[in-house]
Amino acid sequence: MNVNPAPLRLGILGVGHFGRFHALKAAANPAIHLIGLHDASAERAAQIAGEASAPALAPEEVIAAAEAVIIAAPTRFHYALAEQALAAGRHVFIEKPIAASLDQADRLIALAARQGRVLQVGHIERFSAAFRTVMGAPSGGRALSFEAVRAAPFRPRSLDVSVVLDLMIHDLDLVMELAGGEPEAVEAVGAAIASDHPDFAVARLRFSGGRAASITASRVSLAMERRLRVLGTEGEMAVDFLARSLAVLRRGGAEPVETMPGHGVDRATWTDHDSLEAEQAAFIAACQGQGPVVVDGAAGRRALKWALAIEEAIKAQH
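Residues numbered from 1 in each chain as written. Predicted model: local features only at pLDDT ≥ 70, side-chain atom pairs only at ≥ 80, totals over all residues. Heavy atoms only, no water.

### Focus on the overall build of the chain
The number of helices and strands found in the chain is nine helices and 14 strands. Since a compact globule built from 318 residues should have a radius of gyration of about 20 Å, the 21 Å found for the chain is in line with a globular shape. By the burial criterion, 48% of the 318 residues in the chain qualify as buried. Of the contacts formed within the chain by residues at least 6 apart in sequence, a portion of 66% connects residues at least 24 apart. Surface summary for the chain: the accessible area is close to 14,400 Å², and the carbon and sulfur share equals 53%. Taking the 31 positively charged and 36 negatively charged side chains of the chain as two groups, their mean positions are separated by 2 Å. (Helix = DSSP H or I, 4+ residues; strand = E, 2+ residues; numbered from the N terminus. Rg over C-alpha atoms; globule rule 2.2 N^0.38 Å. Buried < 20%, exposed > 50% of the residue type's maximum accessible area, 1.4 Å probe, protein only. Contact = heavy atoms within 4.5 Å. Areas by Shrake-Rupley, 256 points an atom, 1.4 Å probe, with all protein chains shown as cover. Lys, Arg positive; Asp, Glu negative; His and termini not counted. Charge placed at Lys NZ, Arg CZ, Asp CG, Glu CD.)

### Regarding the packing of helix α4 (residues 78-87) against helix α5 (residues 102-115)
The geometry of α4 relative to α5 is characterised by a closest axis approach of 10 Å and an angle of 10° between their N-to-C directions. It follows that α4 is roughly parallel to α5 by the angle criterion. Within the contact between the two elements, α4 uses Y79, A82, E83, L86 and A87 and α5 uses Q104, R107, L108, L111, A112 and Q115. In the contact of α4 with α5, the residues fall into seven nonpolar, two polar and two charged. (Axes fitted to C-alpha atoms, helices over the stretch in contact; angles between N-to-C directions. Parallel < 35°, antiparallel > 145°, perpendicular 65-115°, else oblique. Nonpolar A, V, L, I, M, F, W, Y, C, P; charged D, E, K, R; others polar.)

### Structural notes on the sheet that holds strand β5 (residues 119-122)
An order of β2-β1-β3-β4-β5 is seen for the five strands of this open sheet, with the pairing classed as parallel. The sheet is open, and its two edges are formed by β2 (32-38) and β5, each paired on a single side. Direction aside, neighbouring strands of the sheet carry axes that sit 20° apart on average. (Pairing = 2+ DSSP bridges.)

### Describing the side chain of H22
Here H22 is to be found in helix α1 (residues 17-28). Setting aside chain neighbours within four positions, we find H22 in contact with I12, I70, A72, F93, E95, L276, E279 and Q280.

### Regarding the packing of aromatic side chains
By the definition in use, this model includes four aromatic pairs. Here the basic side chain of R226 rests over the ring of F241, its NZ or CZ set 3.8 Å away from the ring centre. (Phe/Tyr/Trp six-rings, centres within 6.5 Å; stacked < 30°, edge-to-face > 60°. Lys NZ or Arg CZ within 6 Å of the ring centre and 35° of its normal.)

### Comments concerning the nonpolar core
V92, M168 and L172 are the most contacted members of the largest nonpolar core, which totals 70 residues. The dominant element in this core, judged by the number of residues it contributes, is helix α7 (residues 163-179), at eleven residues. Beyond its immediate stretch of four places on either side in the chain, V92 contacts V69, I71, A82, A85, L86, V118, L119, Q120 and F283. One finds L8, L34, L37 and F93 within the second-largest nonpolar core, a separate group that totals 22 residues. (Core = buried A, V, L, I, M, F, W, Y, C linked by side-chain atoms within 4.5 Å.)

### A few points about the environment of L34
On the secondary structure map, L34 appears in strand β2. With near-sequence residues (within four places) excluded, L34 lies in contact with L10, I12, A23, A26, A27, A52 and A54.

### Section: the sheet that holds strand β11 (residues 236-240)
On the basis of which strands lie adjacent, the open sheet formed by nine strands has the order β7-β8-β9-β6-β10-β11-β12-β14-β13 and mixed pairing. Whereas interior strands pair on both sides, the edge strands pair on one side only; in this sheet they are β7 (185-191) and β13 (255-256). Running over the sheet, α7 touches β6 (143-151), β8 (200-206), β9 (212-218) and β10 (225-232) and is turned about 155° from β9. The sheet contacts of helix α9 (residues 297-316) involve β7 and β8, and relative to β7 the element is tilted by about 60°.

### A look at the pairing of strand β4 (residues 91-95)
Within β4, five of the five residues are buried, which leaves the element mostly enclosed by the surrounding structure. Alignment of strand β3 (residues 68-71) against β4, held across four bridges, turns out to be parallel. From the neighbouring strand, V69 faces β4, where its bridge partner is V92. Crossover handedness for the path β3 to α4 to β4: right-handed. Two strands pair when backbone bridges link them, and β4 and β5 are joined in this way by four bridges, in the parallel orientation. Counted as the bridge partner of E95 is G122 from β5. Between the parallel elements β4 and β5, the chain passes through α5 in a crossover that is right-handed. (Right-handed = clockwise from strand over helix to strand, strands pointing away.)

In C-alpha cells:
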C-alpha cells in the first residue's frame, strides 16, 4: 500500500524576484507537480516558465488546474488573487504581507475558514535555522527588552511597499513570538530616501509589564547587518545572524564568568538550511492534512497590524 500522497498540483501567481525562487524550488520538488505559473509581465512569465519547465498561463487557468497556489505578486494584488483562489476551493500560500489592509486580511481568513482551505503566510524566518536556534536557546530569565536590527544596501526591488512591510515585518514577527504576545503601543520614525516609501524605520514598541522593544530596519544601509539582543532578569542573549552565532549570559551558564559568580555563557552556532524549501514543505504537508499551518492567517494579520501601526506612526512625524 502506497502511503505517500500524490504530488500536490501547485500553481504560482507572480514570478518576480521571489516568485522565481518559489517556481524553481517547486519544479525541483518531487512532492510537487508545478502545473503552471503566471506573471503580469508576459516576457517574465515566459522566461521563468522556461527555467521551471512549466507552462505560462492566465491566472484563472492556474487556479483552475491547481490544488494549491502560491501568490508572490506585489502586495496590492494579494487580496484579489487570494480571494479568487480560495473561492475556487484552492489552498493558498501568500507571501508576506498577507494583504494591503486588515480588512482584506480578515476577509481572506474568514473565506479560508468557510472553504476549509489552508491559508499560509510567507514569514520565511519562521523556517530558518537561525529562528529555531533562537527559540531553542536557554533563557536569560524573563525577557524585558528586545533590540533587533536588520539593514542592507539599497536594491531596486520590493519598492511597492515600505521597509516596514519589506524587512521590518520579519523582526516584528520574531519579537512578538519571543515576547509571547502583541505590544500595547508603538512609536516610530522613518524616511523615504531612495523610493516613494520609507526606506528606513526605527520602531519602539511597549508591551505589558513595562517590557519594550526597539526594531530598526533599513534598505539604504552602507552594509549588511542582522542582529538581535534580548535583555532579561538573569542576563542577556546576543545573536549575530550574519556570523551565525548566539551567546546567552545567564545563571548557571556553561562558561563561567569570573566577575559574575554563578553566571556563565552558553554559546551556539548553526548551519543554514534552505528556508524556502522548508517553508514549501510545511505548506504541502498542511494542504495534504499531514501537518499544521505553521504561519496561518492570524499570524500574518498580527504582523500586518503592527506593521501598519508603525507606518502610521511614521506618517504622524511628518
